[in-house]
Amino acid sequence: LQELMAARAEADATVRGLEDRLRSEREEHERLQQRAVEDSRKRHMDDVDRMTARIRELEAQTAALKRQHEEQLLDKRAEYDRGMHERAKDLSDQLAGMSAQSTARIQELEAALMAKSNELEKAQVTNWVEHDKAMQSKMQEQSALLEQETKRHHRELAAQAEHFQQSLEEVNS
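On a predicted model such as this, the values are computed, not experimentally measured, just so you know.

A. Spotlight on helix H2 (residues 103-172). Look at H2: 100 Å from first C-alpha to last across 70 residues, which is about the 104 Å you get at 1.5 Å a residue. Three or more residues of H2 are buried, namely Ile106, Trp128, Met135, Met139, Leu146, Thr150, His153, Leu157, Phe164, Ser167 and Leu168.

And the structure:
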């Protein structure tokens, strides 16, 4: 009987030891599971932050390109205006140097100059309009590309969020 009681006590001690070990293993498993969920959540948020930064970067690049385009148009207009002013001044100086010729000839040359100046201005305006249309088309293409990239990033983020949600559901179940 004493042997049975000793064996039972030993068996009870072994069972308690195994139960303690099982409880310890479960607690460790739960800690590891919780850490995995937190790590996954942190990686997901880091991915979201990176994607958001990329979208902001692309938006900034688009705004910079638009500003650059506007500045180029203003520069070209100013350059054209200076060139036209200088050209008109040069032609006026040449006409003044020819004052010894008849007044009729001078008037004839001035009329020809004005007609040519108007023609050049109309041609330049046409060139501006064509250039502006081309630049607008390019900006629209770049904007469409940016929009496509943004939509792709959003889809990727949505897919990652869905994957993360599924992972959370799997971990929770």
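Still more ground to cover, so stick around.
B. Examining the environment of Arg41 more closely. Along the chain, Arg41 turns up in helix H1 (residues 2-97). Of the residues examined, Arg41 reaches a relative accessible area of 38% and is grouped as partly exposed. Spatially, the C-alpha atoms of Arg41 and Gln165 are 9.5 Å apart, while their sequence positions differ by 124 residues. When neighbours within four sequence positions are excluded, Arg41 is seen to be in contact with Phe164 and Leu168.

C. Highlighting the side chain of His69. Looking at the element boundaries, His69 is found in helix H1. What makes His69 buried here is its relative accessible area of 8%. Setting aside residues no more than four positions away along its own chain, His69 makes contact with Asp132 and Met135.

Reading the values: the criteria
- Residues numbered from 1 in each chain as written.
- Predicted model: local features only at pLDDT ≥ 70, side-chain atom pairs only at ≥ 80, totals over all residues.
- Heavy atoms only, no water.
- Helix = DSSP H or I, 4+ residues; strand = E, 2+ residues; numbered from the N terminus.
- Expected span 1.5 Å × (residues − 1).
- Buried < 20%, exposed > 50% of the residue type's maximum accessible area, 1.4 Å probe, protein only.
- Contact = heavy atoms within 4.5 Å.

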